Amino acid sequence: MELVQMQKSLQDYTKSLFLEGVLDSQFLQLQQLQDESNPDFVSQVVTLFFQDSDRILNDLSLSLDQQVVDFKKVDPHVHQLKGSSSSIGAQRVKNACVVFRTFCEQQNVEGCHRCLQQVKQEYYLVKNRLETLFKLEQQIVASGGVIPAMELGF
């Protein structure tokens, strides 16, 4: 694929992530912190988010599968996932965590199980979409191109 077409595809793909509510403006702020001195900043931060989230989701699954659920252990995990998803702009994950915390406060085990499935679904969606985004960026750089800057003016 021609470089200009790849850049256009990247812009269109990134725009769709915002229009679908997968990402919010926080992701753009994260991108603004990336420069020539640290060209992989965003992918490194997001990779850490993926690693932490995988661990947190596993811990949540284990906690909710206990005979007696200790909501004092569940809620901090949900709170941490909400904060980290918010910090990278994973809007739908963050929103699902907000609902999840409500069920934790109500000590509603069934509601927490449903929310955990929703959070996992949103998490795997954002993970898949961001991995695709980074692959598109890598293809552009490998072709000698520059990643076009995104703005929310669409």
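Residues numbered from 1 in each chain as written. Predicted model: local features only at pLDDT ≥ 70, side-chain atom pairs only at ≥ 80, totals over all residues. Heavy atoms only, no water.

Under an unreviewed UniProt entry, the name given to the protein chain is Histidine-containing phosphotransfer protein, and the source organism is Raphanus sativus. Per UniProt, the protein chain has the following entry under Function (unreviewed entry): "Functions as a two-component phosphorelay mediators between cytokinin sensor histidine kinases and response regulators (B-type ARRs). Plays an important role in propagating cytokinin signal transduction." (UniProt positions renumbered as here; feature names shortened; annotations may be inferred.)

1. Quick look at the overall build of the protein chain
When its secondary structure is counted, the protein chain shows 6 helices and 0 strands. In the protein chain, the order of α-helices and β-strands from amino to carboxyl end is α-α-α-α-α-α. Expressed as a percentage of the 154 residues in the protein chain, the buried residues total 40%. A sequence separation of at least 24 residues applies to 69% of the contacts in the protein chain between residues at least 6 apart. Counting 14 positive and 19 negative side-chain charges, the protein chain places the centres of these two groups 6 Å from one another. (Helix = DSSP H or I, 4+ residues; strand = E, 2+ residues; numbered from the N terminus. Buried < 20%, exposed > 50% of the residue type's maximum accessible area, 1.4 Å probe, protein only. Contact = heavy atoms within 4.5 Å. Lys, Arg positive; Asp, Glu negative; His and termini not counted. Charge placed at Lys NZ, Arg CZ, Asp CG, Glu CD.)

2. Side note on the packing of helix H2 (residues 25-32) against helix H3 (residues 41-64)
Contact geometry of H2 with H3 gives a least axis separation of 8 Å together with a crossing angle of 130°. Taken together, the axis directions place H2 and H3 in an arrangement best described as oblique. Judged by the twist between their axes, the crossing of H2 over H3 is right-handed. Where H2 approaches H3, its residues Phe27, Leu30 and Gln31 are matched on the opposing element by Phe41, Val42, Val45 and Val46. Here the residues of the contact of H2 with H3 sort into 6 nonpolar, 1 polar and no charged. (Axes fitted to C-alpha atoms, helices over the stretch in contact; angles between N-to-C directions. Parallel < 35°, antiparallel > 145°, perpendicular 65-115°, else oblique. Left-handed = near helix turned anticlockwise from the far one by under 90°. Nonpolar A, V, L, I, M, F, W, Y, C, P; charged D, E, K, R; others polar.)

3. Some remarks on unusual backbone geometry
Residue glutamine 107 is not a glycine yet carries a positive backbone phi of 50°. Along the chain, the position of glutamine 107 falls in the loop between helix H5 (91-105) and helix H6 (109-142). On the basis of relative accessibility, which here comes to 54%, the residue glutamine 107 falls in the exposed class.

4. Concerning the environment of valine 78
Position of valine 78 relative to the elements: it lies in helix H4 (residues 71-88). Residue classification places valine 78 among the buried residues on the basis of a relative accessible area of 1%. Each C-alpha atom, one on valine 78 and one on leucine 130, is 21 Å from the other, the two residues being 52 residues apart in sequence. With near-sequence residues (within four places) excluded, valine 78 lies in contact with Leu60, Cys97, Phe100, Arg101 and Cys104.

5. Focus on the environment of asparagine 95
Examined against the element boundaries, asparagine 95 turns out to sit in helix H5. The spacing of asparagine 95 and serine 85 is 10 residues in sequence and 9.3 Å in space, taken between C-alpha atoms.

6. Section: the nonpolar core
Here is a general trend for soluble globular proteins: nonpolar side chains tend to be buried in one another's company. Val46, Phe100 and Leu130 are the most contacted members of the largest nonpolar core, which has 43 residues in total. Of all elements in the fold, only helix H1 (3-19), H2, H3, H4, H5 and H6 reach the threshold of two or more residues within this core. With 11 residues, the single largest contributor to this core is H6. Sequence-distant contacts of valine 46, defined by excluding residues within four places in its chain, comprise Phe27, Leu30, Ile88, Leu130 and Phe134. (Core = buried A, V, L, I, M, F, W, Y, C linked by side-chain atoms within 4.5 Å.)

7. A closer look at the environment of glycine 21
Tracing the sequence through the fold places glycine 21 in the loop between H1 and H2. C-alpha separation for the pair glycine 21 and valine 93, spaced 72 residues apart in sequence, amounts to 9.9 Å. Apart from residues lying up to four places away in sequence, glycine 21 is in contact with Gln91 and Arg92.

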